Amino acid sequence: AQLVRALCSDPPQHATTVRHMRSAAGDGAGAFEEVPTAVPPLAPRGASRGALGCEPPGSPVGGSLPSATSSSDVESAGSDEKGGVRRLPFLRGMVRVVAFVAAVGLLAAALLLTVAPSARLRGGGASEDVNKGSEPAQLDDLDALQEEVWIPFVNLPSETKMKKAREKAKTHQLLREPEVLRGPVTLSFQATKIPTPWMGGYFWTRGYGSIPGPTIRVKPGETLEIRIKNDLGPGPGYEACNFNMSQLGFFMNPATICALNHTNLHTHGLHVSPGEDSIFAHIKPGEEHVMTLKIPNDHMPGTHWYHPHLHHATAAQAGGGAHGTIIVDDPPGYLPKFVEDMPEKVMFISLVNVPKAMRLESWGLGTIEKGKLANQTMWKNPLYPEWESDPVNGIFSEHGKSLGLNMPGLEPQAVVNGQWRPKVQLEDGMWYRLRFVFAAIEQRLEIFTAGSFSNAAFCEYQLLAKDGIYLHDAPRPVDRVYLVSGSRADVAVRCTCGFATWYPCTAKLDFTALWQPMGLGRHAPTMESTTDELLHIEVVRPSYIPAWRFPMQKFSVRRPCYLADLRNTQVMEGNRHAIDMPMLYPMAIKFDGEGHVWGHKAPSPMGTIKVGEVQEWTISGIRFHPFHLHVNPYQIVEIWNDPYYMVGDWHDTMLLVGSAEAKVRVNIDKFTGKMIAHCHLLEHEDNGMMGYIQIEGVEGGTWSNAWLEDNQCYTDRFPGPPVAETPPMWR
């Protein structure tokens, strides 16, 4: 094609002069005429513009050669300025070279045309910009890909199919970030596909159209409107939960899982009214509901998330894929410039536990008393059509034969923004802000740097915030991040290539998914721990040297008064309480010994407290059950020997690593109503391990002594960075 374009250009490229023998009137016999032509020495003899397809045959093109000439007509070709000519054998050799190159080119083009559709289906071929992700593959394309690749393997044993799936799996694809929305937002609760490349195929689950759903961004002081449309088909409600109150509070209880196609929404971590963010909303299939959340003017910026919170269906929905990120934006000037300018990446980690999800699905379809399998539509993989989870005895089987949950491929796998083992590109030496959010049915997660390997990058990690609240003294160097379902962590990362490496150098983040309660190991009533690759980091050559390429500096942010430091606060005796989450049955959360398992209807409150006061709670059982509190976050004031949770840190969800109990303080700020507290192992919550504390008083009440603890705190819009204190004269 390039040769034809050169020959057909006007004026022709690389035109040469060919001397033709002519007998014309007035010319002597054997006279020569030099005729300019577009035919270079590489062209076949007798070629012309018309013959090459530049003009149709017979077109009046001046200077064209005759359609054919004899070898005696051509004396020479490729004349140089001095009149010298190249020999014909050389011309023929060049023609052979061109023909060979053309053949190779045609073969390469054919291969590209063959491979291109498959590459497109697998997400390949996209532009890999450092700060942008590739476009996701369409679901129809995924269907076609599965049919194309897996038809020959459908009848193989499951273990063989899963092994082949890992060999064929496309990993290290550029990380895609979820769509970003601002209010008003509409979320469609619908059947959503989740690809499972580690075992092949995909599953249908409940979600918001993608795993995770869109990222919602909001500013302090805004009103966020979220419309939830339940687009799922008909399904039984609470009437499918066939239990009496004596059955509640027992782990792995199929009678307490139901209403899986009914839903609502909880904005996990937001400091908003429990009347606006209500878990008591109930959206049936085909219905919709509008949440209107007034974000306080003094709301701290940070990373949060949203998920369904319908009792008896939370584990299957929130742990099955129905979740997404909420980010409260940093006001201008809130952070030091070097932190504010960091490129950021949302990394929503979903732990996919196929056997557990299939078991919840079989439990939730109301088939328990019949003693037979339901005709499931959710959590079925077309590559493994015979997989079944018996709702009566809980056996996970294929063709009637029990499958071991430790079979490679059945272990829980972590996906980042719905992708298995994706790749993120970071510029050498530049700091990036990674917003980690974690959702799971039951297990916790540890994230850490993988072991040494060739051409490895060196990466350092600095913790900025936990559960959407900045550390009092940030950043904090970490080599391992601990997350339980519902936790968030904002981490600054910087990677560099050493002297003995080359671009791009690489690093890896691995994960370990562990079952709680900790310390029970293989005696726990589910599968063992899983360790695998989470994220592939590719470090590329820096584009320039920005200010944030230099070492991270310590900083503190100006805090709203509801997050004033409570470590030195004197708490009234009447505001000191004990919260207990027993490991053994019945699993009911208790407040000063009061509390009941939660059935279809809310029980009586565990206790009553007042708005505008500080509470001090000693929480036991927090090594076995993650403690989550709605509305108000809590600050750790006493803890023993924990590698991640530190005195002074704020959380709304916490599962200790090294300690059995913790003492926390809570500023009960602004809002009255039912403040929900529960275990965030979601199946425990559905089994009834949830309660609420009634907050009484005047709506809008605040703690008057916050200024004594922090004279820089604010109660309205962010007033600007902290005011530097003037040092005494004697300094």
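Up top you'll find the structure we're talking about.
Calculation rules
- Residues numbered from 1 in each chain as written.
- Predicted model: local features only at pLDDT ≥ 70, side-chain atom pairs only at ≥ 80, totals over all residues.
- Heavy atoms only, no water.
- Helix = DSSP H or I, 4+ residues; strand = E, 2+ residues; numbered from the N terminus.
- Buried < 20%, exposed > 50% of the residue type's maximum accessible area, 1.4 Å probe, protein only.
- Contact = heavy atoms within 4.5 Å.
- Areas by Shrake-Rupley, 256 points an atom, 1.4 Å probe, with all protein chains shown as cover.
- Disulfide = S-S within 2.5 Å.
- Core = buried A, V, L, I, M, F, W, Y, C linked by side-chain atoms within 4.5 Å.
- Phe/Tyr/Trp six-rings, centres within 6.5 Å; stacked < 30°, edge-to-face > 60°.
- Lys NZ or Arg CZ within 6 Å of the ring centre and 35° of its normal.
- Polar contact = N/O pair within 3.5 Å; in protein donor to acceptor, adjacent residues only side chain to side chain.
- Salt bridge = Lys/Arg side-chain N within 4 Å of Asp/Glu carboxyl O.
- Pairing = 2+ DSSP bridges.
- Axes fitted to C-alpha atoms, helices over the stretch in contact; angles between N-to-C directions.

**Considering the overall build of the chain**
Scanning the chain from terminus to terminus reveals nine helices and 37 strands. Across the 731 residues of the chain, 54% fall into the buried class. For the chain, contacts bridging at least 24 residues in sequence account for 77% of all contacts bridging at least 6. Accessible area of the chain: about 32,300 Å², with a carbon and sulfur share of 54%.

**Section: the state of the cysteines**
Scanning all chains against the criterion turns up three disulfides. Two residues share a disulfide in this structure: Cys459 and Cys495, whose sulfurs sit 2.0 Å from each other. Because the torsion about its S-S bond is 110°, the bridge between Cys459 and Cys495 counts as right-handed. Of the two residues, Cys459 is situated in strand β20 (residues 458–466) and Cys495 in strand β24 (residues 488–496); the sequence distance between them amounts to 36 residues. One exposure class covers both Cys459 and Cys495, and it is buried. In this model Cys497 forms its disulfide with Cys505; the gap between the sulfur atoms is 1.8 Å. The S-S bond linking Cys497 to Cys505 shows a torsion near -90°; that makes this disulfide left-handed. Both residues of the pair, Cys497 and Cys505, count as buried.

**Things to note about the nonpolar core**
Counting 101 residues, the largest nonpolar core has Ile537, Trp617 and Phe627 as the members making the most contacts within it. Setting aside anything within four residues of it in sequence, one finds Trp617 in contact with His577, Ile579, Phe591, Phe627, Leu629, Ala662, Lys663, Val664, Val666, Met675 and Ile693. Core analysis: the next-biggest nonpolar cluster, separate from the first, contains 59 residues, Val185, Leu265, Ile295 and Tyr384 among them.

**Quick look at the side chain of Asp490**
Mapped onto the fold, Asp490 is located in strand β24. Overall, Asp490 belongs to the buried group, its relative accessible area being 0%. In this structure, Asp490 is in contact with Thr303, Arg433, Leu434, Arg435, Gln462, Leu463, Leu464 and Ala465, ignoring residues within four places of it in sequence.

**Description of the environment of Asn253**
Topologically, Asn253 is positioned in the loop between β7 (223–230) and β8 (266–268). On a C-alpha basis, the gap between Asn253 and His684 in space is 9.4 Å, while along the polypeptide they are 431 residues apart.

**Focus: the packing of aromatic side chains**
Tallying each qualifying case throughout the model produces 17 aromatic pairs. A ring pair is formed by Trp198 and Trp420, whose centres lie 5.8 Å apart and whose planes are at 55°; its orientation type is tilted. Here Trp198 is found in the loop between β4 (185–195) and β5 (202–207), whereas its partner Trp420 is found in the loop between β16 (413–416) and β17 (423–427), with 222 residues between them in sequence. In terms of burial, Trp198 and Trp420 fall into one category: buried. Centroid distance Phe338 to Phe555: 6.2 Å. Interplanar angle 85°. Geometry classified as edge-to-face. Taken as a pair, Phe338 in helix α6 (residues 337–340) and Phe555 in the loop between β26 (530–540) and β27 (576–580) lie far apart in primary sequence, 217 residues in all. The pair formed by Phe338 and Phe555 is uniform in burial state, with each residue classed as buried. Through successive ring pairs, a cluster of aromatic residues spans Tyr334, Tyr470, Tyr714 and Phe718. Above the face of the Phe280 ring, Lys674 is positioned so that its terminal group lies 6.0 Å from the ring centre.

**Some thoughts on helix α7 (residues 354–363)**
Counting buried residues along α7, 10 of its 10 residues qualify, which places the element largely inside the surrounding structure. Among the residues making up α7, those that are buried are Val354, Pro355, Lys356, Ala357, Met358, Arg359, Leu360, Glu361, Ser362 and Trp363. In this structure, the buried residues of α7 make contact with β5, α5 (314–318), β12 (344–352), β13 (387–389), β14 (396–398) and α8 (682–687). The residue sitting at the N-terminus of α7 and contributing the capping side-chain oxygen is Asn353; that oxygen lies 3.3 Å from the backbone nitrogen of Lys356.

**Things to note about the pattern of salt bridges**
Opposite charge on two side chains allows them to pair when their charged atoms are near. In this structure the tally under the stated criterion is 32 salt bridges. A salt bridge links Arg166 to Glu411, with the nearest nitrogen and oxygen atoms 2.5 Å apart. Note that Arg166 is positioned in helix α4 (residues 158–168) and Glu411 in the loop between β15 (401–402) and β16, a separation of 245 residues in sequence. On the basis of relative accessibility, which here comes to 28%, the residue Arg166 falls in the partly exposed class. By relative accessible area, Glu411 is classed as buried at 16%. Among the salt bridges present, the one from Asp329 reaches Arg217, with a minimum N-O distance of 2.8 Å. With Asp329 in the loop between β11 (324–328) and α6 and Arg217 in strand β6 (residues 215–218), this pair connects stretches of sequence that are 112 residues apart. A single burial state applies to Asp329 and to Arg217, both of which are buried.

**Focus: the pairing of strand β37 (residues 690–696)**
Across the seven residues that make up β37, a large majority, six, are buried. Note: strand β29 (residues 607–610) against β37, four bridges, orientation parallel. The residue of β37 that forms the bridge with Gly607 is Ile693. Where strand β36 (residues 673–679) and β37 come together, six bridges link them in antiparallel fashion. From the neighbouring strand, Ala677 faces β37, where its bridge partner is Gly691.

**Brief notes about the sheet that holds β36**
Strand order in the open sheet made by the five strands is β29-β37-β36-β31-β34, with mixed pairing throughout. Taken across any chain shown, the strands that pair with only one partner, and hence form the sheet edges, are β29 and β34 (653–654). In this sheet, β36 lies alongside strand β31 (residues 627–629) in antiparallel orientation, the contact comprising three bridges. Its bridge partner being in β36, Leu629 is matched across the sheet by Ala677.

**Observations regarding unusual backbone geometry**
Of the consecutive residues Ile211 and Pro212, the connecting peptide bond is found in the cis state with omega at -5°. With respect to the helices, strands and loops of the structure, Pro212 is situated in the loop between β5 and β6. Backbone geometry at Asn417 places phi at a positive 50°, although glycine is not the residue there. When you line up the elements, Asn417 lands in the loop between β16 and β17.

**Looking at the sheet that holds β15**
What the three strands build is an open sheet, ordered β13-β14-β15; its pairing is antiparallel. Looking along the sheet, the strands with just one partner apiece sit at the ends: β13 and β15. In this structure, β13 lies alongside β14, joined through three bridges in antiparallel fashion. When the bridges of β14 are listed, Trp387 appears paired with Glu398. The sheet contacts of α7 involve β13 and β14, and relative to β13 the element is tilted by about 60°.

**Description of the side chain of Asp649**
Mapped onto the fold, Asp649 is located in the loop between β32 (634–638) and β33 (650–651). Judged by its relative accessible area of 4%, Asp649 falls in the buried class. At 2.8 Å, the side chain of Asp649 forms a polar contact with the side chain of Arg476. Those residues in contact with Asp649 that lie beyond four places of it in its chain are Lys466, Leu471, Arg476, Tyr634, Gln635, Ile636 and Tyr644.

**Here we look at the environment of Gly593**
Counting through the fold element by element, Gly593 comes out in the loop between β28 (590–591) and β29. Spatially, the C-alpha atoms of Gly593 and Met606 are 8.4 Å apart, while their sequence positions differ by 13 residues.

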